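# Observations on the model geometry
Here's the letter readout for the chains.
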Amino acid sequence: MFTGIVEEIGKIQNVKKNVKSSVLTIEGNKIFEDINIGDSISVNGVCLTVTTFSNNTFTADVMNETISRSSLGQLKNGSSVNLERAISANGRFGGHIVSGHIDGIGKIIKIEKDDNSIWYTIAVKGNLMKYIVEKGSIAIDGISLTIAKVAVNDFSISIIPHTVQETILSHRSVGDIVNIENDVIGKYVEKLITCEKNKKVESNITMDFLIKNGF
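Below: a short report on this structure. Computed from a predicted structure; not experimentally measured.

Turning next to the packing of aromatic side chains. The tally for this structure, following the rule as stated, stands at 1 aromatic pair. Seen in terms of ring centroids, F32 and F58 are 6.2 Å apart; in terms of plane orientation they differ by 55°. Their pairing is tilted. Taken together, the positions of F32 in the loop between β2 (22-27) and β3 (40-43) and F58 in strand β5 (residues 57-62) put the pair 26 residues apart, joining distant regions of the chain. Looking at F32, the relative accessible area reads 14%, which means it is buried.

The subject of this paragraph is the sheet that holds strand β1 (residues 8-17). The antiparallel closed barrel is built from 6 strands, whose spatial order is β1-β2-β5-β4-β3-β6. On average, each strand axis in the sheet is inclined to that of its neighbour by 45°, with strand direction left out of account. Here 4 bridges tie β3 to strand β4 (residues 46-54), and the two strands are oriented antiparallel to one another. Bridge pairing links S40 to T49 in β4.

A few words now on the nonpolar core. I122, I140, F155 and I180 are the most contacted members of the largest nonpolar core, which has 21 residues in total. For this core, the secondary-structure elements that each account for two or more residues are β8 (117-123), α2 (126-129), β9 (137-140), β10 (143-150), β11 (154-159) and β12 (177-182). Not counting chain neighbours up to four residues away, the residues in contact with I122 comprise G106, K107, I108, I109, I140, N153, D154, F155, I157, V178 and I180. Of all hydrophobic cores here, the second largest spans 20 residues; its members include L24, F32, V50 and V62.

Criteria and cut-off values
- Residues numbered from 1 in each chain as written.
- Predicted model: local features only at pLDDT ≥ 70, side-chain atom pairs only at ≥ 80, totals over all residues.
- Heavy atoms only, no water.
- Phe/Tyr/Trp six-rings, centres within 6.5 Å; stacked < 30°, edge-to-face > 60°.
- Helix = DSSP H or I, 4+ residues; strand = E, 2+ residues; numbered from the N terminus.
- Buried < 20%, exposed > 50% of the residue type's maximum accessible area, 1.4 Å probe, protein only.
- Pairing = 2+ DSSP bridges.
- Axes fitted to C-alpha atoms, helices over the stretch in contact; angles between N-to-C directions.
- Core = buried A, V, L, I, M, F, W, Y, C linked by side-chain atoms within 4.5 Å.
- Contact = heavy atoms within 4.5 Å.

Below is the structure:
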């Protein structure tokens, strides 16, 4: 479980590509303060498991499912990535509930400066747009952000310079692909409502029951 508060910008040291999977070697600093094999690390919003580590690098396996659903397949040697360790029980919950399970990808279609903030407009497919609501939460490349505007096929976020500088948003340009994780609460609510609508419940209330009870 993560909060979407990026701890540092790391760097891809090596990408070993297999037939349908890959192994990433990632360099960092802060996250190595208490890293262990088996730990979960959010890499551009994707929850990866530390398989080995030494000095200031760690390796993580990336499955075919993860590559097909996220932008990790586009990473190459030297790419910058957002890094966040899983939240500790005594940590501050500064962002929102982020699972590290990517729902899909979006494409940056506009970047505009607005006084002391920067607007990013991101286009996504309809299956993701239905969970996106104005003033709701969303994770973009693992960054917890608030949705400022919603259109039919895209949404916009307004970001302060500090967030841009401390994350790989400072490296992003129009046309870049980003990882999207919708707010998990909306997905659970939809599932519960759908199940209730589809569930056939047989009532024990019969005419005989009503007569016997004075109705």
